Amino acid sequence: MSDRGAGTGVLITGATGFVGMEVLARYLERGRRRVVTLVRARDQAQAQERVDGVIENLFGADAGRYANRVTAVPGELTAPRLGLTPRQFDALAEEVTTLVHSAASVSFALPLGEAREINVDGTRRMLEFAERTAQRGRGLERYGHISTAYVAGTHDGRFCETDLDVGQGFRNSYEQSKFEAEQLVRARGDLPSTIMRPSIVVGDRRSGWTAAFNVLYWPLRAFARGLFTAVPGIPSAPVDVVSVDYVADAIYALCEGGGEAGDTYHLTAGSHASTIQEIAHAASRYFKRPLPRVLSPGEWAASSAGGETQRAALEGSTVYFPYFSVGTVFDDAATRARLEPLGLRVSPLGDYLERLLDFATRSRWGKRPIGRAEALAV
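Heads up: these notes are all about the structure in this document. (Residues numbered from 1 in each chain as written. Predicted model: local features only at pLDDT ≥ 70, side-chain atom pairs only at ≥ 80, totals over all residues. Heavy atoms only, no water.)

Here's the deal with the overall build of the protein
To keep things clear, this is the line we draw: Numbering of helices and strands runs from the N terminus; a helix is a DSSP stretch of H or I covering at least four residues, while a strand is a stretch of E covering at least two. Within these notes, the globule rule equals 2.2 Å times the number of residues to the 0.38 power, and the radius of gyration is based on C-alpha atoms. Contacts are assigned to residue pairs with any non-hydrogen atoms lying within 4.5 Å of each other. For the accessible areas, the method is Shrake-Rupley and the probe is 1.4 Å, while residue cover comes only from the protein chains on display. Charge assignment: positive for Lys and Arg, negative for Asp and Glu; neither His nor the chain ends contribute. We put the charge of a Lys on NZ, of an Arg on CZ, of an Asp on CG and of a Glu on CD.
Broken down by element type, the protein carries 13 helices and 15 strands. For the protein, whose C-alpha radius of gyration is 21 Å, the value lies close to the compact-globule estimate of 21 Å for 378 residues. Dimensions of the protein, computed from the C-alpha atoms along their principal axes, are close to 60 × 50 × 40 Å. Of the contacts formed within the protein by residues at least 6 apart in sequence, a portion of 81% connects residues at least 24 apart. For the protein, the exposed surface amounts to about 15600 Å²; the carbon and sulfur share of it is 49%. Of the charged side chains in the protein, 44 are positive and 44 negative, and the gap between their average positions amounts to 4 Å.

Set out below in structure tokens:
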């Protein structure tokens, strides 16, 4: 257990979300720092109730060991002063020295204005708080900003950690709003900021546990149910997938001294990325179903693959299909150079896909919720 920062606080936004709750777990398991979580809630009691539920999910019977180190603050990320009074705002700025901004809308279907309100305006408010923190108390040690590798948008070819605006377009409001949020962070060179860009985040590679059945899980679930015989994609296109434990481990390490202020890190599979054809083969073996055809987006649109009934059943998957035709290769050389000496290495999806599918089927794709602690105990 590290003693670094004992007596100083860390503020985590998005601690009730999939990645944020895993980051919270790292701070509680591996250090002694007090943690403050900013939670959307009507009052203190509701905020604490939400966070207590997260801690119960994370630690099960051991939740009591950690609960007294977490303070939930009811707030509004997009409001002036985070929805706090001036006195509360300043008091919180004096209490913390590290900020981990994980809160975001991850919906691909929001209108751009709504996505900007959460992802861009929310980042603007957090940067205002970071500035205030730098002026108060012990100052600001680190502002950790959780972005996405898909700020690369429609860019084809290699996309480096130092890249941002390369003339790309965007597939959806999520990508564009996260790109614009990164622009805000990069413009504040006076703050000790570290940007971290995960790609597609799936469950824990040890237990398969996940709290979010989206992106890759949607078509896999449909395939398990026999709802399609073809999927739109480019067979050789990389599908960059990372496990949530790798992402959370990396965020904790980079925010707690392993990363340089001003740097950007790709939390991606990189050269270990699978292809949609490889994933299709693995799913076919696991579910004992015929191998689905992988059709180019144009062929899919022109075909009658699956018929109208099956296409209707796949409606929820359509926003994710573009990620099976991505031409971007995420260069993670700087990240590997920083993290591998710390013992943090990404794993190819093929190494743990069966565990993800075991958990998904055991939890009935989220219909029978299974807590992280319960999943790790199996």
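That was the structure; now back to the text.
A closer look at the packing of aromatic side chains
Definition in use: Aromatic pairing here means that ring centres of Phe, Tyr or Trp (its six-membered ring) are within 6.5 Å. Orientation follows from the plane angle: under 30 degrees is stacked, over 60 is edge-to-face, and everything else is tilted. We call a residue buried when its accessible area falls under 20% of the maximum for its residue type, exposed when it is over 50%, and partly exposed in between, using a 1.4 Å probe and counting protein chains only. Here, a charge over a ring means that NZ of Lys or CZ of Arg falls within 6 Å of the ring centre while also lying within 35 degrees of the ring normal.
Using the criterion set out here, one finds 17 aromatic pairs in the structure. Here the aromatic rings of Tyr150 and Phe330 are separated by 5.3 Å at their centres, their planes lie at 85 degrees, and the arrangement is edge-to-face. Pair noted here: Tyr150 is in the loop between β5 (142–146) and β6 (157–159) and Phe330 is in strand β15 (residues 328–330), with a separation of 180 residues, a long-range link. Considered together, Tyr150 and Phe330 belong to a single accessibility category, that of buried residues. Following the ring pairs from residue to residue traces out a cluster consisting of Phe108, Tyr150, Tyr174, Trp218, Tyr320, Tyr323 and Phe330. The aromatic ring of Tyr323 is capped on one face by Arg171, whose charged end is 5.3 Å from the ring centroid.

With respect to helix α6 (residues 217–224)
Along an α-helix, a turn takes 3.6 residues, which lines up residues three or four apart on a common side. Across the eight residues of α6, six count as buried, placing the element largely inside the fold. Along α6, the residues that are buried comprise Tyr217, Pro219, Leu220, Ala222, Phe223 and Ala224. Of the surrounding elements, those touching the buried residues of α6 are β8 (200–202), α8 (276–287) and α12 (353–362). In the stretch just after α6, Gly226 is the one whose phi turns positive, near 75 degrees.

Concerning the pairing of strand β1 (residues 9–13)
Applied cut-off: In this scheme, strands are said to pair when DSSP sees at least two bridges between them. Handedness of a crossover: with both strands directed away from the viewer, a clockwise path from the first strand across the helix to the second marks it as right-handed.
Among the five residues of β1, five are classified as buried, and the element is accordingly described as predominantly covered. The side-chain alternation of β1 yields two buried faces, one formed by Gly9, Leu11 and Thr13 and the other by Val10 and Ile12. Of the strand pairs in this sheet, β1 and strand β2 (residues 34–39) are connected by five bridges, and their pairing is parallel. The residue bridging Leu11 from the neighbouring strand is Val36, located in β2. One crossover worth recording links β1 to the parallel β2 by way of helix α1 (residues 18–30), and it is right-handed. Two strands pair when backbone bridges link them, and β1 and strand β4 (residues 96–101) are joined in this way by five bridges, in the parallel orientation. Its bridge partner lying in β4, Leu11 is registered against Leu99.

Side note on the pairing of strand β3 (residues 70–74)
The pairing of β2 with β3 spans five bridges and is parallel. By the bridge assignment, Leu38 is partnered in β3 with Val73. What joins β2 to β3 is helix α2 (residues 44–59), and the crossover it makes is right-handed.

A few points about the side chain of Ser199
By the element assignment, Ser199 lies in the loop between β7 (193–198) and β8. Given a relative accessible area of 8%, Ser199 falls into the buried group.

Structural notes on the nonpolar core
Rules: The criterion is simple. A nonpolar core is a set of buried Ala, Val, Leu, Ile, Met, Phe, Trp, Tyr and Cys residues joined through side-chain atoms within 4.5 Å.
Ile12, Leu24, Tyr27, Val100, Ile251 and Leu267 are the most contacted members of the largest nonpolar core, which totals 50 residues. Of all the elements in the fold, those that place two or more residues in this core are β1, α1, β2, α2, β3, α7 (244–258) and β12 (264–267). Broken down by element, this core gets its largest block of residues, 10 residues, from α7. Beyond its immediate chain neighbours, meaning those up to four positions away, Leu267 contacts Met196, Arg197, Pro198, Ser199, Val242, Tyr246, Val247, Ala250, Ile251, Leu254, Thr335 and Leu339. Val151, Phe179, Phe321 and Phe330 belong to the second-largest nonpolar core, a separate cluster that totals 45 residues.

Here we look at the pattern of salt bridges
This is how the line gets drawn: By convention in these notes, a salt bridge is any Lys or Arg side-chain nitrogen within 4 Å of a carboxyl oxygen on Asp or Glu.
Counted under the stated rule, the structure contains 24 salt bridges. For Arg116, the salt bridge identified is with Glu180, shortest N-O distance 2.8 Å. Linking Arg116 in helix α4 (residues 112–135) with Glu180 in helix α5 (residues 173–187), this pair joins segments that are 64 residues apart in sequence. Residue classification places Glu180 among the buried positions, given a relative accessible area of 17%. Across the salt bridge formed by Glu128 and Arg125, the nearest N and O atoms sit 3.3 Å from each other. Within this pair, Glu128 and its partner Arg125 are both found in helix α4, separated by three residues, close to a single helical turn. A relative accessible area of 23% means that Arg125 is categorised as partly exposed. Salt bridges here are not isolated pairs; linked through shared partners, they connect Glu22, Arg26, Glu29, Arg30, Asp249 and Arg372.

Observations concerning the sheet that holds β4
Where we set the bar: In this description, a line fitted to the C-alpha atoms serves as the axis of each element, helices being fitted only across the stretch in contact, and the angle between N-to-C directions of two axes falls anywhere from 0 to 180 degrees.
Spatial strand order, β3-β2-β1-β4-β5-β7-β12: seven strands in an open sheet with parallel pairing. The open sheet has two edge strands, β3 and β12, and neither has a second partner. Strand after strand, the sheet turns through a mean of 20 degrees between neighbouring axes, direction not considered. Packed onto the sheet, α4 meets β1, β4 and β5 and runs at close to 165 degrees relative to β4.

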